[in-house]
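Okay, here's what each chain looks like letter by letter:
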Amino acid sequence: MGCCSSASSAAQSSKREWKPLEDRSCTDIPWLLLFILFCIGMGFICGFSVATGAAARLVSGYDSYGNICGQKNAKLEGIPYSGMDHTQRKYVFFLDPCNLDLINRKIKSVALCVAACPRQELKTLSDVQKFAETNGSALCSYNLKPSEYTTSSKSSVLCPKLPVPASAPIPFFHRCAPVNISCYAKFAEALITFVSDNSVLHRLISGVMTSKEIILGLCLLSLVLSMILMVIIRYISRVLVWILTILVILGSLGGTGVLWWLYAKQRRSPKETVIPEQLQIAEDNLRALLIYAISATVFTVILFLIMLVMRKRVALTIALFHVAGKVFIHLPLLVFQPFWTFFALVLFWAYWIMTLLFLGTTGSAVQNEQGFVEFRISGPLQYMWWYHVVGLIWISEFILACQQMTVAGAVVTYYFTRDKRNLPFTPILASVNRLIRYHLGTVAKGSFIITLVKIPRMILMYIHSQLKGKENACARCILKSCICCLWCLEKCLNYLNQNAYTATAINSTNFCTSAKDAFVILVENALRVAAINTVGDFMLFLGKVLIVCSTGLAGIMLLNYQQDYTVWVLPLIIVCLFAFLVAHCFLSIYEMVVDVLFLCFAIDTKYNDGSPGREFYMDKVLMEFVENSRKAMKEAGKGGVADARELKPMASGASSA
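Going along each chain's sequence as written, the residues are numbered from 1 onward. Where local features are concerned, this predicted model is filtered to residues with pLDDT of at least 70; where side-chain atom pairs are given and counted, the filter is 80 or more; whole-chain, interface and lining totals use all residues. Computation of side-chain values: all heavy atoms of the structure, hydrogens and water removed.

This part covers the overall build of the chain. Within the chain one finds 19 helices and eight strands. Looking at the chain as a whole, 42% of its 657 residues are labelled buried. The Shrake-Rupley method, run with a 1.4 Å probe sphere, supplies the accessible areas, and residue values consider only the shown protein chains as cover. As displayed, the chain offers around 35000 Å² of accessible surface, 67% of which is attributable to carbon and sulfur atoms. Here a helix means four or more residues in a row that DSSP labels H or I, a strand means two or more in a row labelled E, and each is numbered from the N terminus. Burial classes: relative accessible area under 20% of the type maximum marks a residue as buried, over 50% as exposed, and values in between as partly exposed (1.4 Å probe, protein chains only).

Written out as structure tokens, the structure is:
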């Protein structure tokens, strides 16, 4: 499938020139067939769970004896109270709905099929008996008649825990759920570790419910700010990059100076205290200030060295950001690309969760230790869970890779079209068409490679969470190191995959050939890549921070006039997280466009020199950068050797083309 080729084919590949958009052929077909077979397997899991009755048990619900509510059931051998006719009992009622098993993620309570959910709180057994006589809905076990609720000695075990909370059926799933969600405070406290008492939890939840209109408005504000920022970056890219650079330098110098000043001030201050504890605290603070000051100094020196090396390549970053803004003007549908990707992911995740719920209720009826029915899968089919989890990762990565390939194809079409007036009517749709017709196999292969790295990392993270507090320091260090290494490998592969997709969009080559070609180009322009990935990514990160801060500030100002609740923490966290997610989605598209433009620019300067027959494809802004680089190279050749060597790769590549 392309990765292990012979030496002769490698030599031919190294001599092969880039021919943008000239030929188009199908790539990595075996991987496409493998992906289709895998998706068929995912469909089989869903079909199996539905065919075995799991769909009816999931939607209609079932009691603790295996009877599906709302229908007539067949008798299960050895299970008492099974095979009952529940045609008139359509809802599942739990005797103790607040008794949650956090480890196994289920309700530890007897479940019964009832005709109606108690809409009002029932405080005594007399109220439960009256509810059964009035509504025909018996809330106690099947072997206890309503007339015996107040007289039987077994009522405390066979009847619901008092008081019975008011409940309402969940739409489409026919479960009686308590109306007051404080019933699940214990479960919420396990998920939200900073909540220490129920009163705080109630105020947080009431704050969210009361401010839902404000939260929705702030989320829309973050969306608008993200789109505005993408337009602003295009027009002030040159000024913005230099402003950020100056601010970073001044900030590092100022922070370092303040730390040394605080250290010197505290060191000169007289030690008047005679309390040993306070003296020890003062010494610890002085030592901490010294460590911070030294660390800040080292960071500042390294930052200056990086700025010194990268100063001549900031101009290329500015030019690429400027051209990226033009790309969004010519290809406005790029702005909506995150929406389509998010919509596709939401649809797949909804399907995946629904199938997961089906799997949770499929299998054969088995009697547990308490004498109740559980449905379990036995044999090889019990490993469908693992297959389903791998499908979540691979198909999600496949959808994200399709977005990368679509964006790369559209930007490549824009870049390598000399007359921008002759662009296709919808370059995005044309790119999607090429992706579906030719390159789905390449996307499947690239996403599978990411999956191979992501799964071991997730397994190690799960092991680390399970062993938390039990493993020794050495094992903990090894686990964290492995997780960190796999995370770094995943990020590197993501970057290489993105450039491989760009190479495939240009030359229509398979994944491994495209990855190798892109890697060669990136190595030849390593310093430029470093400049773009430091200056450019840092600028986009500050843009994300700006959107989050602006949305958070607007949220504080709006919530200040809302007097219906007292705690703002959860609404602000929700808004800020959503704002960061939206900003990341939009600016990651911008970052992707910049990376694609850079690879196209590097290829353009390698195989074209501006002479007749080898004209550049690039924008005028990038041409100005090339001309300025050539002038700087000539001046450096007269005055010194170092700078000439630094600028040589582009010029020599252009002349050798």
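Now for helix α14 (residues 473–507). Expected span, for any helix, means 1.5 Å times one less than how many residues it has. The terminal C-alpha atoms of α14, which comprises 35 residues, lie 50 Å apart, in line with the 51 Å expected from a rise of 1.5 Å per residue. Of the residues trailing α14, Ser-508 is marked for its positive phi of about 60 degrees.

To continue, consider unusual backbone geometry. The phi torsion of most residues other than glycine is negative, and most of the peptide bonds are trans. For the bond running from Leu-162 to Pro-163, omega is -10 degrees, close enough to zero to count as cis. Summarising the element assignment, Pro-163 is placed in the loop between α5 (155–158) and β5 (167–169). With a phi angle near 50 degrees, Asp-28 is a residue other than glycine that sits in the positive phi range. Its relative accessible area of 8% is what places Asp-28 among the buried residues. Phi angles above zero are rare outside glycine, and Tyr-81 is one such case at about 65 degrees. As for its placement among the helices and strands, Tyr-81 is situated in the loop between α3 (54–60) and β1 (91–94). Since its relative accessible area comes to 35%, Tyr-81 is described here as partly exposed.

Throughout, disulfides are identified as pairs of cysteine sulfur atoms within 2.5 Å of each other. Tallied over the entire structure, the rule returns three disulfides. Across the disulfide, Cys-69 is cross-linked to Cys-113 (sulfur-sulfur distance 1.9 Å). Sign of the S-S torsion, about -85 degrees for the bond between Cys-69 and Cys-113, identifies this disulfide as left-handed. Here Cys-113 lies in strand β4 (residues 111–114) and Cys-69 lies in the loop between α3 and β1, a separation of 44 residues in the sequence. Take Cys-113: its relative accessible area is 1%, and that puts it in the buried class. Between the sulfur atoms of Cys-140 and its disulfide partner Cys-159 the distance amounts to 2.0 Å. The chirality of the disulfide connecting Cys-140 with Cys-159 is right-handed, given an S-S dihedral of about 110 degrees. One end of the pair, Cys-140, is in the loop between α4 (125–135) and α5; the other, Cys-159, is in the loop between α5 and β5, with 19 residues separating them in the sequence.

A pair of aromatic rings is counted whenever rings of Phe, Tyr or Trp (Trp by its six-membered ring) have centres within 6.5 Å, and the orientation is called stacked for planes under 30 degrees apart, edge-to-face for over 60 and tilted otherwise. On inspection of all chains with the given rule, the structure shows 17 aromatic pairs. An angle of 85 degrees between the planes, with centres 6.0 Å apart, marks the rings of Trp-260 and Tyr-263 as edge-to-face. Of the two residues, Trp-260 and Tyr-263 both sit in helix α8 (residues 212–268), three residues apart, roughly one turn of that helix. Overall, the relative accessible area of 34% leaves Trp-260 in the partly exposed class. Aromatic ring contacts, followed pair by pair, group Trp-31, Phe-35, Phe-38, Tyr-387, Trp-394, Phe-398 and Phe-448 into a single cluster.

On to the pattern of salt bridges. For this document, the term salt bridge refers to a Lys or Arg side-chain nitrogen within 4 Å of an Asp or Glu carboxyl oxygen. Counted by the stated rule, this structure contains four salt bridges. For Glu-490, the salt bridge is made with Arg-457, and the minimal N-O distance between the two is 3.0 Å. Of this pair, Glu-490 sits in helix α14 while Arg-457 sits in helix α13 (residues 427–466), and the two are 33 residues apart along the sequence. Of the two residues examined, Glu-490 and Arg-457, each falls in the buried class. One salt bridge in this structure joins Lys-606 and Glu-524, with 3.1 Å as the shortest N-O distance. Of the two residues, Lys-606 is situated in helix α17 (residues 569–607) and Glu-524 in helix α15 (residues 511–524); the sequence distance between them amounts to 82 residues. Through salt bridges with shared partners, a single ionic network connects Glu-397, Lys-454, Arg-457 and Glu-490.

Turning to the pairing of β4, a few remarks are in order. Here β4 shows two buried faces, one formed by Ala-111 and Cys-113 and the other by Leu-112 and Val-114. As judged from the four bridges shared by β1 and β4, these two strands associate in the antiparallel manner. If you follow Val-92 over to β4, its bridge partner there is Cys-113. Whether two strands pair depends on DSSP finding at least two bridges between them.

Its 14 residues place the ends of α15 20 Å apart at the C-alpha level, agreeing with the 20 Å of an ideal helix rising 1.5 Å per residue. For α15, every residue scored as buried is listed here: Phe-511, Cys-512, Thr-513, Ser-514, Ala-515, Asp-517, Ala-518, Ile-521 and Leu-522. Its side-chain oxygen 3.3 Å from the backbone nitrogen of Cys-512, Asn-510 forms the N-cap of α15. Any pair of nitrogen or oxygen atoms within 3.5 Å is treated as a polar contact; in protein, a donor-acceptor pairing is required on top of that, and neighbouring residues in sequence qualify only through side-chain atoms on both sides.

Residues belong to a common nonpolar core when they are buried Ala, Val, Leu, Ile, Met, Phe, Trp, Tyr or Cys residues joined through side-chain atoms within 4.5 Å. Ranked by internal contacts, the top residues of the largest apolar core, which has 82 residues, are Leu-334, Tyr-590, Val-593, Leu-597 and Leu-622. Considering each element in turn, this core owes the most residues, 18 residues, to α17. Within the second largest apolar cluster, 25 residues are counted, among which are Leu-95, Cys-113, Leu-139 and Leu-144.

The description of two packed helices rests on the angle between their axes and on the distance between the axes. Running from N to C, helix α2 (residues 29–51) and helix α12 (residues 384–415) cross one another at 130 degrees; their axes reach a closest spacing of 10 Å. Classed by the angle they form, the pair α2 and α12 counts as oblique. As for the relative orientation of α2 and α12, their crossing is left-handed in sense. Counting all contacts with α2, which are made through Leu-34, Phe-35, Leu-37, Phe-38, Cys-39, Gly-41, Met-42, Ile-45 and Phe-48, the residues of α12 involved are Met-384, Tyr-387, His-388, Val-390, Gly-391, Trp-394, Ile-395 and Phe-398. Considering only residue class, the contact of α2 with α12 consists of 14 nonpolar, three polar and no charged. Between N-to-C directions, angles cover 0 to 180 degrees, with each direction set by a line fitted to C-alpha atoms, over the stretch in contact for helices. Should an angle fall under 35 degrees it is called roughly parallel, over 145 degrees roughly antiparallel, and 65 to 115 degrees roughly perpendicular, with every other angle called oblique. Definitions for this section: a left-handed crossing has its near helix turned counterclockwise from the far helix by less than a right angle. A right-handed crossing has that turn clockwise. Residue contacts are defined here by distance: any two heavy atoms, one from each residue, within 4.5 Å place the two residues in contact. Charged residues are taken to be Asp, Glu, Lys and Arg, nonpolar residues to be Ala, Val, Leu, Ile, Met, Phe, Trp, Tyr, Cys and Pro, and polar residues to be all remaining types, Gly included.

Between α14 and α15, the shortest axis-to-axis distance is 8 Å and the interhelical angle comes to 105 degrees. What the angle tells us is that α14 and α15 run roughly perpendicular. Of the residues in α15, those in contact with Tyr-495, Leu-496, Asn-497, Asn-499, Ala-500, Tyr-501, Ala-503 and Thr-504 of α14 are Phe-511, Ser-514, Ala-515, Ala-518, Phe-519 and Leu-522. In terms of residue class, the contact of α14 with α15 is made up of 10 nonpolar, four polar and no charged.

Values of pLDDT, which run from 0 to 100, indicate the predictor's confidence residue by residue. In the predicted model, the chain carries a mean pLDDT of 77, and the fraction of residues at 70 or more is 78%. Note that pLDDT drops below 50 for residues 1–14; the model gives that stretch 12 contacts with residues more than four away or on any other chain. Across residues 186–204, confidence stays below pLDDT 50; counting only partners more than four residues off in sequence or on other chains, it has 20 contacts.

Before going further, it helps to examine the environment of Ser-60. Looking at where Ser-60 falls in the secondary structure, it is placed in helix α3. Counting along the chain gives 10 residues from Ser-60 to Gly-70, while the straight-line C-alpha distance between them is 6.9 Å. If near-sequence neighbours (up to four positions away) are discounted, Ser-60 is found in contact with Ile-68, Cys-69, Lys-90, Val-92, Phe-173, His-174 and Arg-175.

Take a nonpolar patch on the surface next. What makes a patch is a set of residues exposed beyond 30% relative accessible area and free of salt bridges, joined within 9 Å when like-charged and within 5 Å when nonpolar (Val, Leu, Ile, Met, Phe, Trp, Tyr). Together, Val-224, Ile-228, Val-231, Ile-232, Tyr-235, Ile-236, Val-239, Ile-243, Leu-247 and Ile-329 give the surface a local cluster of nonpolar side chains, amounting to about 900 Å² of exposed area. Tallying contributions element by element places α8 first for the nonpolar patch, with nine residues. If you trace the backbone, Ile-228 turns up in helix α8. Take Ile-228: its relative accessible area is 41%, and that puts it in the partly exposed class.

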